[in-house]
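Examination of the molecular architecture
The residues making up each chain are set out below.
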Amino acid sequence: MVHASALLTGTDSTGVVLADLRDPEVVLAQPKLRDLIDFTQPVALLLVAILHFITDAEGPAAIVATLRDALPGGSYLALSHGTQDFHPPGDADRPRPPTRTPPPGSCSAPVRTCARSSTASTS
Ligand SMILES: C[S@@+](CC[C@H](N)C(=O)[O-])C[C@H]1O[C@@H](n2cnc3c(N)ncnc32)[C@H](O)[C@@H]1O
């Protein structure tokens, strides 16, 4: 966060907001986001390599829907998600070494992969 802010100092066309994706309404309500992005014009939303940190119980589809519904007409939403679709059969069941519990939102948090078909069905 500090590094990102330092990189973006001195420009008024970029910004950094610290928020939890699991609270999309809070993300959308950030004053800095509203100051920077003109929601009367089409917006591009990139959810790249982040949704696999959200558990099924945390409702990733509802999170995406909330963000998508906030976008004006003509906007784009792109997302990528880890998958085991290309792993050898049975690989998902292979025992893994125990991992420590990282803080929520950490890049070292457990990743939940999903099949391409389930990602594509988000509406
Ligand atoms: C694999 S990185 C991808 C970052 C960026 N989208 C990219 O493509 O370079 C995943 C990022 O998601 C963030 N993250 C994980 N869970 C989050 C959450 N609940 N809310 C906000 N950010 C989260 C992590 O801190 C990390 O910066």
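Reading the values: the criteria
- Residues numbered from 1 in each chain as written.
- Predicted model: local features only at pLDDT ≥ 70, side-chain atom pairs only at ≥ 80, totals over all residues.
- Helix = DSSP H or I, 4+ residues; strand = E, 2+ residues; numbered from the N terminus.
- Buried ≥ 20, exposed ≤ 12 C-beta atoms within 10 Å, placed from the backbone.
- Contact = placed C-beta atoms within 7 Å.
- Core = buried A, V, L, I, M, F, W, Y, C linked by C-beta atoms within 7 Å.

**A few points about the overall build of the protein**
Each helix and strand counted, the protein has five helices and two strands in total. Starting at the N terminus and walking to the C terminus, you meet the elements of the protein as α-α-α-β-α-β-α. The 123 residues of the protein split such that 7% are buried. Sequence separation of 24 or more characterises 64% of the internal contacts of the protein that already satisfy a separation of 6 or more.

**Some thoughts on the nonpolar core**
Core analysis: the largest hydrophobic core is formed by five residues, namely Leu 51, Phe 53, Ile 54, Ile 63 and Val 64. Other than its neighbours up to four places away in sequence, Leu 51 contacts Pro 60, Leu 79 and His 81.

**Topic: the environment of Val 48**
With respect to the element layout, Val 48 can be found in the loop between β1 (44–47) and α4 (60–69). Linking Val 48 and Gly 82, residues 34 residues apart in sequence, is a C-alpha distance of 9.8 Å. If near-sequence neighbours (up to four positions away) are discounted, Val 48 is found in contact with Leu 79 and Ser 80.

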